[in-house]
Amino acid sequence: MIRVVLTGSESTGKTTLAARLAAHYGAALVPEFVRDYVMAKGAPVEFADHGPIARGQMALEDARTGGGAQLVIQDTDLLSTVVYSEHYFGSCPAWIGDELARRRPDLYLLCDIDVPWIA
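Fair warning: this is a prediction, and the values are worked out from it, not measured in the lab.

Chemist: Explanation requested: the environment of Leu 60 in the structure shown.
Modeler: Residue placement: Leu 60 occurs in helix α3 (residues 50-65). Along the backbone, Leu 60 and Phe 33 are 27 residues apart, and their C-alpha atoms lie at a distance of 7.2 Å. If we ignore the near neighbours within four places in the chain, the residues touching Leu 60 are Val 30, Pro 31, Glu 32 and Phe 33.

Chemist: How should the pattern of salt bridges be read in this particular structure?
Modeler: Think of it this way: side chains of opposite charge can pair up when their charged atoms draw near. With the rule as written, the count across this model stands at 7 salt bridges. Glu 32 is paired through a salt bridge with Arg 35; the nearest N and O atoms lie 3.3 Å apart. Note on Glu 32: relative accessible area 17%, which makes it buried. Where Arg 103 meets Asp 62, a salt bridge forms, and the shortest distance between an N and an O atom there is 3.1 Å. Taken together, the positions of Arg 103 in the loop between α5 (94-102) and β4 (107-111) and Asp 62 in helix α3 put the pair 41 residues apart, joining distant regions of the chain. Exposure remark for Asp 62: the relative accessible area of 42% places this residue in the partly exposed category. Where salt bridges share partners, they join Glu 61, Asp 62, Glu 99, Arg 102 and Arg 103 into one cluster.

Calculation rules
- Residues numbered from 1 in each chain as written.
- Predicted model: local features only at pLDDT ≥ 70, side-chain atom pairs only at ≥ 80, totals over all residues.
- Heavy atoms only, no water.
- Helix = DSSP H or I, 4+ residues; strand = E, 2+ residues; numbered from the N terminus.
- Contact = heavy atoms within 4.5 Å.
- Salt bridge = Lys/Arg side-chain N within 4 Å of Asp/Glu carboxyl O.
- Buried < 20%, exposed > 50% of the residue type's maximum accessible area, 1.4 Å probe, protein only.

Purely spatial values, then, with no claim about function.
Printed below as a string of structure tokens:
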């Protein structure tokens, strides 16, 4: 299995690009967990949310990659969780970084801030 992860700042087109790449290549698509988590929570992310966010992202990855797909396109992974937590809270739970290292993808595609921002 080859795993490709899209990463980058908010509103850089990761979700749209991930869906289009998955459709074009007939690949499995792993959506971003945190988007639905934050909408369901209805409040800003707190440091304590990073554990549930990481576990939810890993569960989505495991569910979408268990079917024997040869190519998997991911709309983010634990790297975003680590960067967000370290940037906004000054640290990230060590186990999340350990899982990130263990789940390292084959390729990261870094999306730049070169498209109009859409809330």
